[in-house]
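# Close look at the chain arrangement
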Amino acid sequence: MRMPWHRFLPFLAWPRPTRDLLKSEALAGLTVGLMVIPQGVAYAALAGMPLQTGLYASMLPALVAVLFSSSVRLSVGPTALSCLLVSASLAGLAPPGSAEWVTLAVWLSILAGLTQVVLGWVRFGWLLNLVNAPVLMAFTQAAAVLIILSQYKSLLGWPLWGQSTHIEALAYGLLSLALLWWSRRIKPTFPAVLVLVLVSAGVSHYTGYAERGGPVVGSLPSGVPLLMWPGAVEWQTLQALFVPAVVITLVSFLETASSAKVDNAGQGTRWNQNQDLIGQGLAKITSGLVGAFPTSSSFSRSALNLYAGAQTGWATVFSVAVVWLASMYGLPVLYHVPQGVLAAIVVVAVLGLIKPAQFVRLWRVTRVEAVIAAVTFAATLLSAPKMYWGVLTGVLIALAHFLYQRLHPRIIEVGQHPDGRLRDRHLWSLPPIAPDTFALRMDAELDFGSANALEQKILEHVAAYPKVRHVALFAQPINRIDATGIEVFERIALQMAAQDRQLIVVGAKLPVERTLKAAGVFDRATALLVFVRDEEALAYLREMETRAIQS
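So, here's what we can say about the structure. (Residues numbered from 1 in each chain as written. Predicted model: local features only at pLDDT ≥ 70, side-chain atom pairs only at ≥ 80, totals over all residues. Heavy atoms only, no water.)

Once that is clear, we can look at helix α8 (residues 192–207). A rise of 1.5 Å per residue sets the reference length of α8, with its 16 residues, at 22 Å; its end C-alpha atoms lie 22 Å apart and thus fit the reference within 8%. Along α8, the residues classified as buried are A192, V193, L194, L196, V197, S200, A201 and S204. In the core, the buried residues of α8 are packed alongside α1 (19–46), α7 (167–186) and α13 (339–351). Among the residues trailing α8, G208 stands out with phi positive, at a value near 65°. (Helix = DSSP H or I, 4+ residues; strand = E, 2+ residues; numbered from the N terminus. Expected span 1.5 Å × (residues − 1). Buried < 20%, exposed > 50% of the residue type's maximum accessible area, 1.4 Å probe, protein only. Contact = heavy atoms within 4.5 Å.)

Counted residue by residue, strand β3 (residues 411–416) has 5 buried out of 6 residues, so it is predominantly covered. In this sheet, strand β5 (residues 437–442) lies alongside β3 in antiparallel orientation, the contact comprising 3 bridges. Within the sheet, the bridge partner assigned to E413 lies in β5 and is L440. As judged from the 3 bridges shared by β3 and strand β4 (residues 422–424), these two strands associate in the antiparallel manner. Bridging across to β4, G415 finds its partner in R423. Linking β3 back to β4 in an antiparallel pair, the connection comprises 5 residues, with G420 at a positive phi of about 95°. (Pairing = 2+ DSSP bridges.)

This next bit is on the packing of helix α6 (residues 133–156) against helix α14 (residues 356–365). Interaxial distance between α6 and α14 falls to 10 Å at its minimum, and their mutual angle equals 155°. In terms of axis orientation, α6 runs roughly antiparallel to α14. At the point where α6 passes α14, the crossing takes the left-handed sense. Between α6 and α14, the residues in contact are P134, M137, A138 and Q141 and P356, Q358, F359 and L362, respectively. Considered class by class, the residues forming the contact of α6 with α14 number 6 nonpolar, 2 polar and no charged. (Axes fitted to C-alpha atoms, helices over the stretch in contact; angles between N-to-C directions. Parallel < 35°, antiparallel > 145°, perpendicular 65-115°, else oblique. Left-handed = near helix turned anticlockwise from the far one by under 90°. Nonpolar A, V, L, I, M, F, W, Y, C, P; charged D, E, K, R; others polar.)

Assignment of secondary structure puts L128 in the loop between α5 (99–121) and α6. L128 gets classed as buried once you look at its relative accessible area, which sits at 5%. With 109 residues separating them in the primary sequence, L128 and R19 have C-alpha atoms 40 Å apart. Sequence-distant contacts of L128, defined by excluding residues within four places in its chain, comprise L250, F253, L254 and L277.

For the rest of this paragraph, the subject is the environment of P134. For P134, the location among the structural elements is in helix α6. Each C-alpha atom, one on P134 and one on T31, is 33 Å from the other, the two residues being 103 residues apart in sequence. Among all residues touching P134, those that are not within four sequence positions of it are L362, E369 and A373.

Moving on, we get to empty space enclosed by the protein. According to the stated counting rule, one finds 4 cavities of 30 Å³ or more in the structure shown. Counted as a void, the largest cavity has a volume near 90 Å³. Forming the boundary of the largest cavity are 13 residues, of which V32, S75, V76, T316 and S319 lie nearest the centre. Looking at the lining of the largest cavity, the elements with two or more residues in it are α1, β1 (75–77) and α12 (314–330). It is α12 that contributes the most residues to the lining of the largest cavity, 5 residues altogether. Along the lines of polarity and charge, the residues of the lining of the largest cavity split into 8 nonpolar, 5 polar and no charged. Estimates place the volume of the second largest cavity at around 60 Å³. If you trace the second largest cavity, you find it lined by L446, L473, A475, I478, I481, F489, V505, A508, V512 and L516. (1 Å grid on protein atoms, 1.4 Å probe; cavity = no way out; pocket = protein on both sides within 12 Å on 5 of 7 lines; lining within 4 Å. Points joined across faces, edges and corners; volume = space filled by probe spheres on them.)

Structure below.
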């Protein structure tokens with residue numbers, strides 16, 4: 001059984017390590033660790049940070065994340081999308097790679113981490129649902145386009161505008177791109193990135209590529225960072241970082257969600273998003289305290305971790321150990337790696353995110369959300385480098401659409417279909433349920449957003465058809481009613497009674513019925529009729545029809 005402190009120290013719930021378990025975890029950790037080393041360096045360049053900070057973000061932050069998260073098989077560290085957001089957020093505030101830039105990136109990581117920890121602690125993980133799937137899909141694809149555009153100079157051998165193409169740099173970039181793409185399609189688990197880095201470094205060193213002016217990684221300081229508090233920044237600067245920090249929180253945790261849901265579904269467990277918010281937030285804070293940038297869960301490395309057989313968080317521990325050994329003793333190998341190779345690593349990692357077919361499929365399913373996705377995509381591209389305005393634009397439009405739907409609920413007049421079910425009378429060309437009867441159904445909650453629409457629908461109909469004597473509300477879809485809904489419902493009932501009409505409510509759910517009784521509506525609206533089943537209401541209306549004919 002899980003003890004109470006497991007919520008605060010989730011790693012206490014890890015299974016006791018055995019020899020066989022540690023053997024499989026070590027293999028998975030080695031696989032992921034060898035992949036994260038070149039990726040971390042490449043993504044640090046994308047973020048405009050010193051290259052070694054990509055390794056810093058892959059060690060202690062990854063360890064903190066796995067110790068305090070519920071999804072222990074995710075690979076946490078640098079990701080292309082988060083690094084692009086860092087670069088976009090700091091553009092114009094400082095020169096990339098400068099000490100001031102690093103300080104701002106550190107504060108951005110700490111602010112985003114604090115935001116996630118607070119959201120997780122107060123169990124507000126549901127707020128992340130504000131970013132719906134179409135907005136995230138469009139933003140991710142636009143970000144992938146921007147990432148590729150940001151790498152084309154290094155990839156194609158054009159380090160500076162106006163400078164002639166460096167043929168060797170072009171060869172390294174395009175050949176690396178082709179080999180990584182081919183390896184990814186043929187054997188995804190093969191450590192092609194690591195092999196390519198080692199081989200390209202050897203060829204570059206042997207041919208004297210750096211001595212002839214070829215752009216290479218260069219010297220990186222060996223060792224691991226010490227915990228440190230970042231330098232002070234002005235209050236106005238912190239305010240400028242607040243919106244980017246919130247966007248990084250949203251986007252990076254949605255990256256986590258995509259991996260965590262797959263992982264938990266495979267294990268048949270429930271995803272604890274609030275605990276993952278805390279763990280991922282602590283990882284971001286830790287990343288800032290070691291002088292790095294915001295981390296996130298990598299979908300590709302997490303998938304590789306699962307594919308390699310990881311079962312617990314011990315795989316991440318071994319992965320961190322691999323990165324630590326590389327930081328201590330292996331960084332001189334990276335000196336001669338051409339920058340075109342790093343650009344190819346970044347490009348191949350994000351190429352799979354560009355899927356135009358998703359826009360086509362979304363257009364076939366729902367054109368409104370397809371338009372929202374298209375606007376998000378365009379806003380992200382047009383707002384670059386401040387690309388976070390793209391996702392904020394998409395979120396605001398999606399929320400406006402959601403609010404519009406709540407204020408304009410689906411209300412239909414129903415008739416009895418030959419199969420016995422009550423369906424849209426006008427859509428199926430059905431006769432009225434009974435003469436002088438207006439039967440309707442509202443597919444929404446009866447609250448402040450929808451109540452006025454229901455009242456308006458009823459009053460407009462009875463005004464257009466004065467002979468209507470019965471208004472039957474089939475209330476099965478209404479699963480909640482608030483104070484505004486109670487007030488409007490009672491007003492409708494009293495208005496119908498005053499006009500010598502009868503309001504009939506059919507199939508009201510128990511929570512709705514209890515709320516109406518507690519409010520005393522049934523005591524005041526004495527002419528109101530309530531039926532539990534459709535059959536009872538239909539039988540009553542037919543009986544009223546028979547009496548009317550006989551009289």
